[in-house]
Amino acid sequence: TGPVCKITIPVMAGVGLVLAVIAIIKTGNFFAGISTLTATLLMTLPCSAGLLSAINLRATNKLVNEDGAVINGYSAVDDAVNTNGVVIDACDAFEQGGCNIEGMKTYHKMRIDEALLYTASVVIASGGVLAEVFDGVIIGKRELLLPVESLAYEEKLGCSCWIHNHRVLVGNRDLLVHHNVETPDKYLEDKYKSNGRNVVYLAIEGKIAAMFVVVYKANEETARYMRELEKDGITIFFRTSDANITEKFLEREFQLPANVVKIINPVAGDMFAKVKSRCADRSNARIIHDGGIKSMLAALHGTFVINSFVNSSRLIQLIASIIGAVIMTLFTFMSGLAQIGVLQIIMYQVIWAVILSVPALTRKK
């Protein structure tokens, strides 16, 4: 409302003074001029601006509260609307319990339980999207996991590490090729990768040990907020340790336009993980959320909704002020204040307040 008042107050005060002078000249009554000036200011100034600001904030918070978030005032909005990118850990963006292992194949006489344990140890240690799936495989008994050393995510390939002095690889076909591991026929992989499925390989000591057929399921609510943020001009950055999580895959799963999603490199991913895990002793409470990705995205999108309403209401308030000035000009030249009084001025302001508040009061997700 500030920019509107900065424009309308001096301009409409000037209009009021001009009309007041005209009224004095026309009627020869000084008090008629004072009345004209007062009526002009009451008709043209955005009297409901403060109320509309409160309605806008309350209406948006009512929606984001359902997702466990709150936007604490317009200072939070001013900070957030300058955002042009948001970083998300890929494991937070997929449906809890939605990812799954649909099949597996072992090689070189590898035992199934050993293959599962080796893969679970690497995936859980890396914090990948499939960590929850493999945690379910070991029934949450993480004391069974093997000690993982020198774990590293190789960009767009997968994870490499050492377990019991054995070189272990968990990733895609290109990871195996990169480490000179013999790969199975490509047609077999393509056969399993139909209908949205993906493949994860396990290799131990330079030999392929197992192939897992896995599926991923995007969280629909999170996807919806991502699409809304894309419309707000936000680029979405993902941190991942899963080679199957590519930009094209994310755009398809979350139904996002091309070039909206970016995968950050492993170094930036490690920096993000450290910042994410850090707990500040003290911080300004601008936007508060429950720690979940959906809650955070909902609050961020809410700030853009509030800002959009503010911008549109400023324009409408300016139009209302101009119309009010035109009406007062006509009355001043035609009949003075004979046709307009306190009730008419109040009704004029109420009508515009209702027009402006309806979009906020009827706002839905």
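Cut-offs used in this document
- Residues numbered from 1 in each chain as written.
- Predicted model: local features only at pLDDT ≥ 70, side-chain atom pairs only at ≥ 80, totals over all residues.
- Heavy atoms only, no water.
- Disulfide = S-S within 2.5 Å.
- Buried < 20%, exposed > 50% of the residue type's maximum accessible area, 1.4 Å probe, protein only.
- Pairing = 2+ DSSP bridges.
- Helix = DSSP H or I, 4+ residues; strand = E, 2+ residues; numbered from the N terminus.
- Axes fitted to C-alpha atoms, helices over the stretch in contact; angles between N-to-C directions.
- Contact = heavy atoms within 4.5 Å.
- 1 Å grid on protein atoms, 1.4 Å probe; cavity = no way out; pocket = protein on both sides within 12 Å on 5 of 7 lines; lining within 4 Å.
- Points joined across faces, edges and corners; volume = space filled by probe spheres on them.
- Nonpolar A, V, L, I, M, F, W, Y, C, P; charged D, E, K, R; others polar.
- Polar contact = N/O pair within 3.5 Å; in protein donor to acceptor, adjacent residues only side chain to side chain.
- Expected span 1.5 Å × (residues − 1).
- Core = buried A, V, L, I, M, F, W, Y, C linked by side-chain atoms within 4.5 Å.
- Arc of directions from axis to C-beta.

> Would you take a moment to explain the state of the cysteines for this structure?
Simply put, disulfide is the name for a covalent bond between the sulfur atoms of two cysteines. Under the counting rule described, the total for this entry stands at 0 disulfides. You can see Cys91 has no disulfide; the closest cysteine sulfur is in Cys99, sitting 10 Å from it. For Cys91, a relative accessible area of 30% corresponds to the partly exposed category.

> Where do I start with the sheet that holds strand E10 (residues 261-263) in this structure?
The strands making up a sheet are joined through hydrogen bonds of the backbone, oriented either antiparallel or parallel. Sheet architecture is open: 3 strands sit in the order E2-E9-E10, paired in parallel fashion. The sheet is open, and its two edges are formed by strand E2 (85-89) and E10, each paired on a single side. Shown here is a sheet whose adjacent strand axes are inclined to one another by a mean of 30°, direction ignored. Where strand E9 (residues 235-239) lies against E10, 3 bridges are found, and the strand directions are parallel. When the sheet's bridge partners are listed, Phe238 is paired in E10 with Ile263. Across the face of the sheet, helix H11 (residues 266-277) comes into contact with E2 and E9 while running at roughly 85° to E2.

> Teacher, can you tell me more about empty space enclosed by the protein here?
Rolled over the atoms, a probe with the dimensions of a water molecule shows which regions are left empty. Scanning the entire structure with this criterion turns up 2 cavities of 30 Å³ or more. The volume enclosed by the largest cavity comes to roughly 110 Å³. Around the largest cavity sit 13 residues that line it, and Val123, Val170, Ser241, Asp242 and Ala243 are the ones nearest its centre. Breaking the lining of the largest cavity down by element, the ones donating at least two residues are helix H5 (112-126), strand E5 (158-163) and strand E6 (166-171). For the lining of the largest cavity, the residue count by class is 7 nonpolar, 5 polar and 1 charged. Its boundaries defined by the atoms lining it, the second largest cavity holds a volume of some 90 Å³. Leu45, Pro46, Ala320, Gln349 and Trp352 are the residues nearest the centre of the second largest cavity, which is lined by 13 residues in total. Elements that contribute at least two residues to the lining of the second largest cavity include exactly helix H2 (30-44), helix H12 (293-334) and helix H13 (342-361). Counting residues per element, the lining of the second largest cavity draws most heavily on H13, which supplies 4 residues. Per-class residue counts for the lining of the second largest cavity are 8 nonpolar, 5 polar and no charged.

> Explain the sheet that holds E5 here, please?
Ordered in space as E3-E8-E7-E6-E5-E4, the 6 strands form an open sheet in which the pairing is antiparallel. The open sheet is flanked by strand E3 (100-106) and strand E4 (149-154), the only strands paired with a single partner. With direction set aside, neighbouring strand axes in the sheet form an average angle of 15°. The sheet contact formed by E5 and E6 spans 6 bridges and is antiparallel. What sits directly across from Cys161, in E6, is Val168.

> How should I be thinking about the side chain of Ser313 in this particular structure?
Along the chain, Ser313 falls in helix H12. By relative accessible area, Ser313 is classed as buried at 7%. Among the polar contacts made by the side chain of Ser313, one reaches the main-chain carbonyl oxygen of Val310 at a distance of 2.9 Å.

> Can you walk me through H11 in this structure?
Structurally, the α-helix is built with 3.6 residues per turn, so residues lying three or four positions apart point the same way. Under the 1.5 Å per step criterion, the end-to-end length of H11 is 16 Å for 12 residues, consistent within 8% with the ideal 16 Å. One side-chain oxygen at the N-terminal end of H11 lies 3.2 Å from the backbone nitrogen of Val267; it belongs to Asn265.

> Explain the nonpolar core to me, please; I cannot follow it from the model alone.
General note: in soluble globular proteins, nonpolar side chains tend to be found buried as a group. Ranked by internal contacts, the top residues of the largest apolar core, which has 56 residues, are Phe94, Leu202, Tyr216, Phe238 and Phe254. The element contributing the most residues to this core is H5, with 7 residues. Formed by 12 residues, the second largest nonpolar core is a distinct cluster that contains Leu157, Tyr201, Ala203 and Met211.

> Explanation requested: unusual backbone geometry in the structure shown.
A negative phi holds for most residues other than glycine; trans holds for most peptide bonds. Despite not being glycine, His108 shows a phi value in the positive range, around 55°. Considering the arrangement of structural elements, one finds His108 in the loop between E3 and H5.

> Where do I start with H2 in this structure?
Here H2 spans 21 Å end to end across 15 residues, near enough to the 21 Å set by a 1.5 Å rise per residue. Along H2, the positions that sit buried rather than exposed are Gly33, Thr36, Ala39, Thr40, Met43 and Thr44. Buried residues in H2, looked at end-on, bunch into an arc of 130°, giving them a common side. Of the exposed residues in H2, the ones pointing more than 90 degrees away from its buried face are Phe30 and Phe31.

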